[in-house]
Amino acid sequence: MARRRFTTRLPVAVAVAAALLSTMAVAEAPAAAPGAAPDKPTIRYTEYGIPHIIASNWEGLGEGYGYAAAKDNICTLADTYLMVNAQRSRYLGPAGKASPGERQNSTTNLNSDLYFQRINDNRVVERLLDQPAPNGPESEVREGIRGYVQGYNRYLAETGVNDISDPACRGAAWVRPITELDVYRHAHAEIIMGSADPLLDGEVNAVPPGASAPAASQPAASSEETAAKIREAMAAARQEGSMGSNALAVGAQGVAAGTGTGMLLANPHFPWQGKNRIWQSQLTIPGRVNVSGGSLLGLPAVNIGHTDDVAWSHTVATVAPFGLFDVQVDPLHPTNYLVDGAWQPMTSQQVGVDVLNADGSVGRVTRTLWSTRYGPITSSVMGTPLPWVVSAHAVRDANMDNLRALNTWFHLDQAKDVNDVVNTLETTEGVPFFNTVAADRKGIALYADIQAAPNITDAHAQSCLTLTGQLLFNQTLRLPNVPPVSIFDGKRSACDWPDDPNAPAPGLLDPHKQPRLIRSDFVGNANDSAWLANPEQPLAFPRVMGDTAAPRSLRTQELILTAQNRINGNDGLPGRGFTPETMRQLLFADRSRAADLALDATVTACRNTPFGLVLVDGNLVNISEACPVLAAWNHTYTADSRGSWLFENFWFLLTGGQAIEKLPWRVPFDPKDPVHTPNSLDPGNDAVRNALARAVLALRNSGTALDARLGDVQKVTRNGEQIPIHGSIHELGVLNVVTPGTVDGKLDITFGSSFIQETRFTADGPPQSASVLAYSQSANPNSPHYADQTRLFSAGQWVTERYTEDQIAASPVLEVKVLD
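Criteria and thresholds
Residues numbered from 1 in each chain as written. Predicted model: local features only at pLDDT ≥ 70, side-chain atom pairs only at ≥ 80, totals over all residues. Heavy atoms only, no water. Helix = DSSP H or I, 4+ residues; strand = E, 2+ residues; numbered from the N terminus. Rg over C-alpha atoms; globule rule 2.2 N^0.38 Å. Buried < 20%, exposed > 50% of the residue type's maximum accessible area, 1.4 Å probe, protein only. Contact = heavy atoms within 4.5 Å. Areas by Shrake-Rupley, 256 points an atom, 1.4 Å probe, with all protein chains shown as cover. Expected span 1.5 Å × (residues − 1). Polar contact = N/O pair within 3.5 Å; in protein donor to acceptor, adjacent residues only side chain to side chain. Pairing = 2+ DSSP bridges. Axes fitted to C-alpha atoms, helices over the stretch in contact; angles between N-to-C directions. Salt bridge = Lys/Arg side-chain N within 4 Å of Asp/Glu carboxyl O. Parallel < 35°, antiparallel > 145°, perpendicular 65-115°, else oblique. Left-handed = near helix turned anticlockwise from the far one by under 90°. Nonpolar A, V, L, I, M, F, W, Y, C, P; charged D, E, K, R; others polar.

A. Representation of the overall build of the chain. Across its full length, the chain carries 22 helices and 36 strands. Relative to a compact globule of 820 residues, whose C-alpha radius of gyration would be 28 Å, the chain shows 26 Å and is just as compact. Each principal axis of the C-alpha distribution contributes one length, and for the chain these read about 75 × 65 × 55 Å. Of all 820 residues assigned to the chain, the portion counted as buried reaches 64%. Within the chain, contacts between residues at least 6 apart in sequence are counted, and of these 70% link residues at least 24 apart. Carbon and sulfur atoms make up 50% of the accessible area of the chain, which totals about 27900 Å².

See below:
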């Protein structure tokens, strides 16, 4: 099928551009020839500050993106370049907090700097740039990033550091022009962030026995204790808040009759602050690329979005992008380790960074870091000690040599159908720790977990796992949303990840062995493994990709049941199949699967409590007031809901981070009915009453009414305006995830729904899409687009997309900037 183009006219008059458009005036220009590209990169801003960037080549497109991104978020971007260049301690002090991975403020500036300085000293990114594609960037990527640097630096030069409107970096010495290497280092940091949180601190603090350690040494624990602590720490980190997502692709058989061919709902749950904010744009080179969606701020390509004919999203997968190797060390010379019966010396490396001292002077911190043939030595995983005594633990990161993700996203931005998507994923194998969910104009829905996964087949794992590794990797100690981490026997070189001729890089799993599913009804993912992308067709795959025949999260259950009920017409709404309205309603109904499963039993437990009194933690708590509040609640987390905040606190205390099947259910999990089990909470179980009593006590101690309106307690403040936020935490099985927390001492949302996009294709005509960026385009409090979409999100409203040239030209607020 020939690629469709829907460009009808270009609302930029070259003859008057210099006079009218470079001043950002409202554009009223005559039409250009159909499909024509402007002589200069041109940014068209429509409602809510969404930029539609058009250029004649990749360099111009990158320049427009760089300029517009810097205009909205110069301070966030400059802070990111400070991090990847290992200079946070130099300008912000070594004790400050850094966010190099998925989680916010997960380490210190000093540890972050040592981690990135080691990567920079080893010229990891430079070596990748020296390689041809596929492991090095393709020409269009290089051109796009070259242009991005020009655009960013142009905005900075026009504005001046001292005149930046954002107070977060106005006049800061660390705001400077950037180079192409800065951008590639940033991209690389995003690609490896799945390993940064669990391993960064351990890698920069690992010292051999007898050396002066930065922290007190820990006694060795048993294999069982170590495995349990690692899994619990990783589960706790995810519960505290980390990236997640929902994505639902609907094929022709799942769309309401006569209304379309394919649909996609993209709902990533990303941080609301910092380098992992998503930023929205449309990127167009007439006749070459036309793509609209969101990208990680500072990466000049759309990561989640749609072209003329296919839409896709990513969800965080259940693959651990790293593995550990247990290496036996010489007790007399602990920096020697045993491989194949011979002792080998570890490699030592002096890594130094500048630090800002308390008196304002600049000092130097130098640390010796150690590595093996497998990779760096680490002394911990997610804070769980891995003592360097009889053995040490080395890390291999599947993404450390991955810049291929840039090629992946540039190719996806030009995809025509789901077959193009699969081909891109397989040939680049650049997606880092993400699933891909897509739908196209032909009415085909795709789920694919094709990524840069370690080449660990089941046979290789069982041959090489240590005892601790077996407990971690297998399902022995299952905890929710925790990937299978491998620990292999490092004494045998054969236990290293083998190379596969079908993979583009060493040590990666053959992409053809990785799970994918194509259907005409629906596929989806909510951060569980690939097993139930559609429950009618369970998938099998190597254990390294995730679990099978295991309980699904309540959010996965909610996604599947909602899709099935809508397609079958069993949800109480008129008709069958999805329309744009019902797809948006799917998300913003804010219904809790936990409430559906457990609310009635919780009310029963409350009513059956003698005299309504429960003794917990030395407090006698009267819970009788909670009974009618919960009984009247409608199971949703809309801003107006009452009783929802009480139930959220109750559920959080009841689950305590444990796997869903560990709760006191009367009907246990059944792998033959994984979407409906476990169920029937036991109202007579003491844990239920105790958790409710603790929740009641917590709300009373905080001065919050038990029937408080959700929007009165879950809200964000933007320039003094309090904006209520609907949705809830992942554990409650609410699709619209929001994770409350504190930012700079104030209540805010730390993770949750970010860039949300719904897209529908029809047999002919342009794609029809609507979106909302929950935290708005700009982190600058002085920007008009600091909170405008946040108010929309609060009200459950969406922005109707302007995609064609006619639609863009018709915007009543159109502003145009020509980069001449």
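B. Looking closely at helix α2 (residues 58–84). Helix length check: α2 (27 residues) gives 25 Å between terminal C-alpha atoms against 39 Å at 1.5 Å per residue, more than 12% under. Buried residues dominate α2, accounting for 24 of its 27 residues. Put simply, Asn57 is the residue that caps the front of α2, since its side-chain oxygen is 3.3 Å from the backbone nitrogen of Glu59.

C. Spotlight on the sheet that holds strand β8 (residues 289–296). Spatially, ten strands are ordered β23-β21-β20-β10-β9-β8-β7-β2-β1-β36 in an open sheet, and the strand pairing comes out mixed. Strands with a single pairing partner mark the edges of an open sheet, and in this sheet they are β23 (516–519) and β36 (815–818). Here the average twist between neighbouring strands, direction ignored, is 20 degrees. One ladder, built from five bridges, connects strand β1 (residues 42–46) with strand β2 (residues 50–54); its direction is antiparallel.

D. The arrangement of the pairing of strand β14 (residues 347–356) in detail. Strand direction decides the pairing type here: β14 and strand β15 (residues 362–371), joined by ten bridges, are antiparallel. Directly across from Gly352, in β15, lies its bridge partner Thr366. Connecting β14 to the antiparallel partner β15 that follows it, the hairpin turn spans five residues, and Gly360 within it adopts a positive phi of roughly 95 degrees.

E. Structural context of unusual backbone geometry. Here the amide bond leading from Ala133 into Pro134 is cis, since omega sits at 15 degrees, within 30 degrees of zero. Topologically, Pro134 is positioned in the loop between α5 (124–129) and α6 (139–159). In the segment running from Thr677 into Pro678, the intervening peptide bond is cis, with an omega of 0 degrees. For Pro678, the location among the structural elements is in the loop between β27 (665–667) and β28 (679–681). Residues other than glycine seldom take positive phi values, yet Phe433 does so here, at roughly 50 degrees. Structurally, the position occupied by Phe433 is in the loop between α11 (418–428) and β20 (434–440). For Phe433, a relative accessible area of 3% corresponds to the buried category. Of note, the phi angle at Ala549 is positive, near 50 degrees, even though the residue is not glycine. The residue Ala549 is located in the loop between β24 (522–525) and α14 (554–568) in this model.

F. Focus on the pattern of salt bridges. For the coordinates displayed, the defined rule picks out 31 salt bridges. Of the charged contacts in the structure, one is a salt bridge between Arg516 and Glu426, with a shortest N-O distance of 2.8 Å. Of this pair, Arg516 sits in strand β23 while Glu426 is found in helix α11, placing the two residues 90 residues apart along the sequence. Relative accessible area serves as the criterion here: at 16%, Glu426 is assigned to the buried category. Residues Asp521 and Arg519 are paired through a salt bridge, measuring 2.7 Å at the closest nitrogen-oxygen approach. Arg519 gets classed as buried once you look at its relative accessible area, which sits at 19%. In this structure, a network of salt bridges that share partners links the residues Arg154, Glu158 and Asp820.

G. The packing of helix α10 (residues 404–412) against α11, seen in detail. Where α10 contacts α11, the axes come no closer than 9 Å and their chain directions differ by 165 degrees. One element, α10, and the other, α11, form an angle in the roughly antiparallel class. Read as a crossing pair, α10 and α11 show a hand that is right-handed. Of α11, the residues touching α10 (which contributes Arg404, Asn407, Thr408, His411 and Leu412) are Val421, Thr424, Leu425 and Thr428. Each residue belonging to the contact of α10 with α11 can be placed in one class, and the counts come to three nonpolar, five polar and one charged.

By themselves, these figures tell us nothing about what the structure is for.
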